[in-house]
Each structure stands twice: as structure tokens, then as C-alpha cells.
Amino acid sequence: MARRLPKLDHVKYVHRRGRVYAYFNTGQKKAGKPIYARLPDPASPGFYASYAAFKAGRTKRATPSYTVAKLAEDYEASATFKRLAAATQKNYTTQLAKVRDKWGDFPVNDLLSSDIRPVLESGEWGAGTCNMVRAVIGVIYRWGRRNDRTTLDPVKDIDRLEVGSHDPWPEDIREAALACDDPTIRIAVHLLYFTGQRIGDVCKMRWGDIRDGHIYVRQTKTGKEVEPPLIAELRDELARTPRRGIFILDGIKPSKLRDKLQAFTDGLGVKTVPHGLRKNAVIALLEAGCTIAEVASITGQTHQIVEKYAAKVNQRRLGKAAIVKFERAREKSA
């Protein structure tokens, strides 16, 4: 007579070559299919203990006491979050909405890299967004570990995706923009290039921020205060720019200005981003002989960031010096 198998929740039996195998439906899915865990032989002493452990785990997942969504909520209510710059808070809130949508129902201690990676690699988001979502998950879990909400670090083994570099503008494209007929493009490029600031900060510049030959900037991203001196070319361009309101760029939004600048360079056959002009500014200052500290005082960047550009500029200088020596040696031996 065939052995009578116990009827248990979430267990299925498979008959294969005269043997019976038991599998437990964990309640989790991979690629849309249920994940089953193999149980011991139903006749073995450890069968019910193993079944009970799997069932307890499934029950815990089904009725979690503390989810990823709750972790995100607690983080946003924390003093740590409130100390961030307003722009950073806004960015984090945007990314946390994505986190809640994709993983909000997960128990905090059940979220694994294998749950996150397929979403980031699905192509639904661009590489930059994926990296921000990954970073924000890391931030809330780091806060959670420090505040006894979790012990996990689910993004530890997930690498950042490669993103395109914000290359400096080619010299001819930059000079064409500085001299173009469109007054908005012309003054915007003057401000971006000659102050070395981000596009959001340039759009917020006011006529009243100009003081004693400098322009005062409180950077939105970092809260850092800088006062780049006004180079003669920028002073001249400001002098010919009509004052239509309190903002130098007449209240244009960064997204609209970005589109306008990219359309201009697209028309010249070159793909650019406005942030490339910030790199142009750093490189130009370094090539003019400015020190790393002097450049950082203007752009508001860290010394480490400026040092990266300095290394490239110094390589070019050394290369030019080497070629001069090589040519002299060739002339002497001729």
C-alpha cells in the first residue's frame, strides 16, 4: 500500500522513480516563478522540524513587523536626514519613492542584493538613476544599522553602473557659445565658464549677488559659500545684459536652460552637457598656473576633485616640456 503523505500548507510532493520528494513554497519568487525549498524525506525524523522552520520564515515575510518602507519613513523623519542640504533632501525623497515602489513591502532583514540587482539591470532606469537608487538604499541601511533597525547591507556587493563622462566642451564650441547671437546662451555660458558653478546655482544668481567685483554664491548641493571674482570678459557681458528682474538669467529653470544649451551645441554637431563647462573652468584655471587651493576657492570643489584635474594638466605640461627637450636633442645631433 502506498505511503499516506501528510497534507501540509505550502508543501507539494513530486513522485520520481518510485521515490517521493517534498518541496516547500517559500512565498518568494524569482523571475515571476515561485521559489521552492527541498524538504527532508517525509518519513525522516527531521521532516516536521524543517517544515516548521520554513513555515515560520514564510509567516514572518507575510506579516513583517518592520519593512523597507518603514525604514525609509523613519530615516526621513530622523535628525540625520534633516541636517542634509535642501537639494539633497529633495533628491533622496525622489529616489526613496522608487525604493518604496520596488521593495517597500520587503522585511528589512530579508532584502538581498539578489532582489535589488535584477531591477537595476532591467533597463527601466538610466545608469545615473540606478546609481542614485543604489546609493540611497545604502544610506538608509547604514542609518538603520547605526540605529538598531537592521544588521544588513544589501548593496555591499552591487557595483555602480558605468555612466557617461561630463566631458569639457571643445574649445571651438565653447568660444562659439561665448560669442553667439542668443543673449540667454551667451550670458549663461559666460557665467558657467567664468565662475565654474553648477547650472542650478547659475540660474539662481541675482544682480544683487554682485559685490565689489565678486559674485556671491551659496551652492545648493553642498551649502558651501564662494565668491568667484568677476573676470573682465564676464564683467563686460554682464554690462551688456538687460536687467529684467532680480535674477541675472531672468528666472529661467535649469532644465529649460540645459535643453537650450544642448540644442545649441547639437546644432554645431557636438553633444555636450552644461556641467562640462565646470570642467572647462577648472582646467583653464590650472593651466593658467593657479594652485589647487586657489581653484577650489572659486569652484567650491574639494581639493581631491581639483587634484584629479591637476594630475591631467600636469601630465600635459610635462609632455610638452619633454617634447621640447627631445627636439633640442635632435637638433644638436643633426
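Residues numbered from 1 in each chain as written. Predicted model: local features only at pLDDT ≥ 70, side-chain atom pairs only at ≥ 80, totals over all residues. Heavy atoms only, no water.

Chemist: Would you explain the side chain of R198 in this entry?
Modeler: Along the chain, the position of R198 falls in the loop between helix 8 (183-195) and helix 9 (199-203). Of the side chains with opposite charge, D201 lies nearest to the buried R198, which makes no salt bridge, at 4.1 Å. Setting aside residues up to four positions removed in sequence, R198 forms contacts with L192, Q219, K221, T222, H275 and R278. (Helix = DSSP H or I, 4+ residues; strand = E, 2+ residues; numbered from the N terminus. Buried < 20%, exposed > 50% of the residue type's maximum accessible area, 1.4 Å probe, protein only. Lys, Arg positive; Asp, Glu negative; His and termini not counted. Salt bridge = Lys/Arg side-chain N within 4 Å of Asp/Glu carboxyl O. Contact = heavy atoms within 4.5 Å.)

Chemist: Explain the pairing of strand 2 (residues 19-30) here, please?
Modeler: Within a regular beta strand, the side chains point alternately toward one face of the sheet and then the other, so they alternate between its two faces. By the bridge criterion, six bridges tie strand 1 (residues 11-16) to strand 2 in an arrangement that is antiparallel. Bridge pairing in strand 2 links V14 to Y21. In sequence, strand 1 turns back onto strand 2 through a hairpin of two residues, with R17 there showing a positive phi of about 50°. Pairing of strand 2 with strand 3 (residues 33-38) involves five bridges; the strand directions are antiparallel. Within strand 3, the position partnered with F24 by the bridge is A37. (Pairing = 2+ DSSP bridges.)

Chemist: I would appreciate a short explanation of helix 11 (residues 254-267) in the present structure.
Modeler: Residues spaced three or four apart along an α-helix point in a common direction, a consequence of the helix completing one turn every 3.6 residues. In this model, helix 11 (14 residues) spans 20 Å end to end at C-alpha, consistent with the 20 Å of a helix rising 1.5 Å per residue. In this fold, the buried residues of helix 11 make contact with helix 7 (171-178), helix 8 and helix 9. (Expected span 1.5 Å × (residues − 1).)

Chemist: Looking at this model, I keep getting lost on the nonpolar core. Mind explaining?
Modeler: Side chains that are nonpolar tend, in soluble globular proteins, to be buried together. Residues V189, L191, M205, L238, I248, L249 and L257 are the most contacted members of the largest nonpolar core, which totals 31 residues. When contributions to this core are tallied by element, the ones reaching two or more residues are helix 7, helix 8, helix 9, helix 10 (232-239), helix 11 and helix 12 (276-287). Tallying contributions element by element places helix 8 first for this core, with eight residues. Beyond its immediate sequence surroundings of up to four residues, L249 is in contact with T184, I187, A188, L191, V202, C203 and L257. Grouped together as the second largest cluster of nonpolar side chains are 26 residues, V68, V133, Y141 and I158 included. (Core = buried A, V, L, I, M, F, W, Y, C linked by side-chain atoms within 4.5 Å.)

It is worth stressing that arrangement in space is one thing and function is another; only the former is reported here.
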